[in-house]
Amino acid sequence: MTPTPPEPAADAVAWMHADDRAALAVAVARLTQAAHPHDHFGTTIGARRSLGFIPRKQTYRRAGVGWRLGVVAVDTDARLYVVGQIVRATRQVLPGHQAESARERRAMKEQLVDVGFPDGATVLLDATPVASGAAEAAGLVVVRDGRILIRWMPSAPDSALMPLPAYLAERTELALRPADAVLTDDASGGAA
């Protein structure tokens, strides 16, 4: 039985081609029906001053849930994002000497847990919503003639741009298919 796709938030996707909207809705429906684990969206809140003089450190805010599908992510309302920074929220401390950048990253991971992200959750920090005029021609997501095209690898040429429906179908299938099944199919020559 084919899942009934949810209706995407109208304001966020009204500019999209109908095929792109439908592909987003189908991907969300399939991932939801399969109870595929969510990733969490987070937003960085920069250092600032409260009441004009009390210094506040940089922190993070929860911004919903969804799924990362390659270079893009979709939320549960079928909105499309370009993936930002990917971080695992955790308090796990690795032994041994660590570079300053590794200590900073560990502090960020711990702070994500402190602000309410589940320990061990994948957090997509500062994912950028795809808008009609926001995508650059050289970026990972390109909007041409109202259609969304995906550059699946930063160095891929324009001739390798993939239409959103095909990209989402492929990435959703990969997300829902257990890794063992992929390895088993490869070992048996692709027979299912």
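Anything mentioned here points back to the structure above.
Remember, predicted model here, so these are calculated numbers, not experimental data.

**Q** Could you give an account of the side chain of His-40, naming the residues involved and the relevant values?
**A** By the element assignment, His-40 lies in strand E1 (residues 39–45). Residue classification places His-40 among the buried residues on the basis of a relative accessible area of 12%.

**Q** If you had to explain the sheet that holds strand E10 (residues 141–144) to someone new, which residues and values would you point to?
**A** The 3 strands are arranged E10-E11-E12 in an open sheet whose pairing can be described as antiparallel. With partners counted over all chains shown, the strands left at the sheet margins are E10 and strand E12 (162–163), one partner each. Both E10 and strand E11 (residues 147–150) contribute to a ladder of 4 bridges, which runs antiparallel. Bridge pairing in E11 links Val-141 to Ile-150.

**Q** Requested: an account of the packing of aromatic side chains, with residues and values cited.
**A** The tally for this structure, following the rule as stated, stands at 1 aromatic pair. Ring geometry for Phe-41 versus Tyr-81: centroids 4.8 Å apart, planes at 40°, classification tilted. Note that Phe-41 is positioned in strand E1 and Tyr-81 in strand E6 (residues 80–82), a separation of 40 residues in sequence. Of the residues examined, Phe-41 reaches a relative accessible area of 5% and is grouped as buried. When the ring centre of Phe-117 is taken as reference, the NZ or CZ atom of Arg-62 above it lies at 5.6 Å.

How each quantity is defined
- Residues numbered from 1 in each chain as written.
- Predicted model: local features only at pLDDT ≥ 70, side-chain atom pairs only at ≥ 80, totals over all residues.
- Heavy atoms only, no water.
- Helix = DSSP H or I, 4+ residues; strand = E, 2+ residues; numbered from the N terminus.
- Buried < 20%, exposed > 50% of the residue type's maximum accessible area, 1.4 Å probe, protein only.
- Pairing = 2+ DSSP bridges.
- Phe/Tyr/Trp six-rings, centres within 6.5 Å; stacked < 30°, edge-to-face > 60°.
- Lys NZ or Arg CZ within 6 Å of the ring centre and 35° of its normal.

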